[in-house]
Amino acid sequence: MKIGIVGTGMVGSAAGYTMALLGVGTEIVLVDANPALARAQAQDIAHATPFATTVAVRAGEYADLNNAAVVIIAAGVSQKPGESRLALLERNVAVFRSVISGVMQAAPEAILLIATNPLDVMTFAAQRISGLPLERVIGSGTILDTARLRSLLGDHLGIAPNSVHAYVLGEHGDSEVPVWSSAMAGSVPIASFARQIGRPLDEVARTRIADQVRGAAYTIIEGKGATWYGIGAGLARIVRSITDNERTVLSVSQVSDEIEGVRDIALSLPRIIGRQGVLATLMPELDEAERAALKRSAEVISGFTSKLEF
Ligand SMILES: NC(=O)C1=CN([C@@H]2O[C@H](COP(=O)(O)OP(=O)(O)OC[C@H]3O[C@@H](n4cnc5c(N)ncnc54)[C@H](O)[C@@H]3O)[C@@H](O)[C@H]2O)C=CC1
Ligand SMILES: CC(=O)C(=O)O
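What counts as what
Residues numbered from 1 in each chain as written. Chains lettered and ligands numbered in written order. Predicted model: local features only at pLDDT ≥ 70, side-chain atom pairs only at ≥ 80, totals over all residues. Heavy atoms only, no water. Near = heavy atom within 4 Å. Polar contact = N/O pair within 3.5 Å; in protein donor to acceptor, adjacent residues only side chain to side chain. Areas by Shrake-Rupley, 256 points an atom, 1.4 Å probe, with all protein chains shown as cover. Helix = DSSP H or I, 4+ residues; strand = E, 2+ residues; numbered from the N terminus. Nonpolar A, V, L, I, M, F, W, Y, C, P; charged D, E, K, R; others polar. Axes fitted to C-alpha atoms, helices over the stretch in contact; angles between N-to-C directions. Parallel < 35°, antiparallel > 145°, perpendicular 65-115°, else oblique. Left-handed = near helix turned anticlockwise from the far one by under 90°. Contact = heavy atoms within 4.5 Å.

### Overview of the site of ligand 1
With respect to spatial proximity, 27 residues lie near ligand 1, and among them V11, D32, V77, A115 and N117 are the closest. At 2.8 Å from an oxygen atom of ligand 1 is found a main-chain nitrogen or oxygen belonging to V11. Here an oxygen atom of ligand 1 sits 3.1 Å away from a polar atom, N or O, in the side chain of H172. Protein burial of ligand 1: of its 860 Å² of free accessible surface, 83% is covered by the chains. The set of elements that each furnish at least two residues to the shell around ligand 1 consists of α1 (10–22) and α3 (89–106). In terms of residues, the shell around ligand 1 owes the most to one element, α3, which gives 4 residues. Here the residues of the shell around ligand 1 are counted per class, giving 15 nonpolar, 11 polar and 1 charged.

### Topic: the site of ligand 2
All residues in the neighbourhood of ligand 2 are listed as Q79, R85, N117, L144, R148, H172, A217 and T227. Within the side chain of R85, one N or O atom sits 2.8 Å away from an oxygen atom of ligand 2. Within the contact set of ligand 2, an oxygen atom lies 2.9 Å away from a side-chain nitrogen or oxygen of N117. In isolation ligand 2 offers 220 Å² of accessible surface; the protein chains occlude 91% of this area. Residues of the shell around ligand 2, tallied by class, amount to 2 nonpolar, 4 polar and 2 charged.

### Details of the packing of α1 against helix α8 (residues 229–243)
Two elements in contact, α1 and α8, have axes separated by 8 Å at closest approach and are oriented at 55°. Classified by the angle between their axes, α1 and α8 sit oblique to one another. When you trace α1 past α8, the crossing you get is right-handed. Counted together, V11, A14, A15, T18, M19 and L22 of α1 and I231, G232, A233, L235, A236, V239 and R240 of α8 form the full contact between these two elements. Looking at the contact of α1 with α8, its residues break down into 10 nonpolar, 2 polar and 1 charged.

Fair warning: the whole summary comes from geometry, so function is off the table for now.
In structure tokens:
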């Protein structure tokens, strides 16, 4: 199955590298406004595959995306140290107007997987520009924030992160919402698990962990200029769920008609991902504070999407 990637900088190339090593798809085509960069990334990634898989990796033009099952879009500008994701909006919407039209001409049947920030607003923009059904435009959303939360909770509790079942929902950005009320470790409610093993998850610990999740991108960008490995793996995870029709539940973004009273909004909720894209969306049980925070997050995103004209 062919997977396209448009935008082959740090994020696009990390997604390509991860998919090539894990054997996600059978062919990966890299497209960039800078064709020399796309060629160099394709060669470099292809040179890793003899150690892992037989995935074919090459650079191409938009036309080479024909029949792609999924096209990842990671084109655009990224944050400078201290800059918020939402500051990138105007520049990246301009990029999307040309990128989405190139992708749609070549691969009208593809599922679009958006990585460019500000993620939820760009997912909204991609759906409106492409005119695709809502379930075929997926934003990576809080898949990365959820992974960061699980990793930090795993450290705190001294267990593997994949035994932590907890989500970050809402915006992939500063208004994101960690959901504590339904979080589990194994099959035990997380607060009870933490008490039983003598590593309590009190208000101070929760606040510290939530702050670290929300601040992770800022901290990493301060240290190395950008983030790429976490999102590269997250994108590969979503693509695998599509290509293999896994029906995995992942926290990803999608345009919805209404969430918490906010209309025409893209944000992350747990969603079942399979060959047709988003197969279903689950509204988790939230406590009052979490529900209010999700509504606030939707309002923040809506404040930006409502200014866009399509
Ligand atoms: N969703 C997430 O969790 C994450 C999202 N990001 C976002 O991903 C995006 C990409 O980040 P990086 O890869 O670090 O940036 P980068 O600058 O390394 O790569 C961006 C690439 O887009 C290409 N590009 C720009 N305009 C284009 C166009 N019109 N057509 C085709 N290609 C075009 C550039 O030539 C460049 O190679 C940024 O918006 C960043 O904020 C970054 C990390 C995590
Ligand atoms: C840059 C970004 O969106 C992240 O690492 O979360």
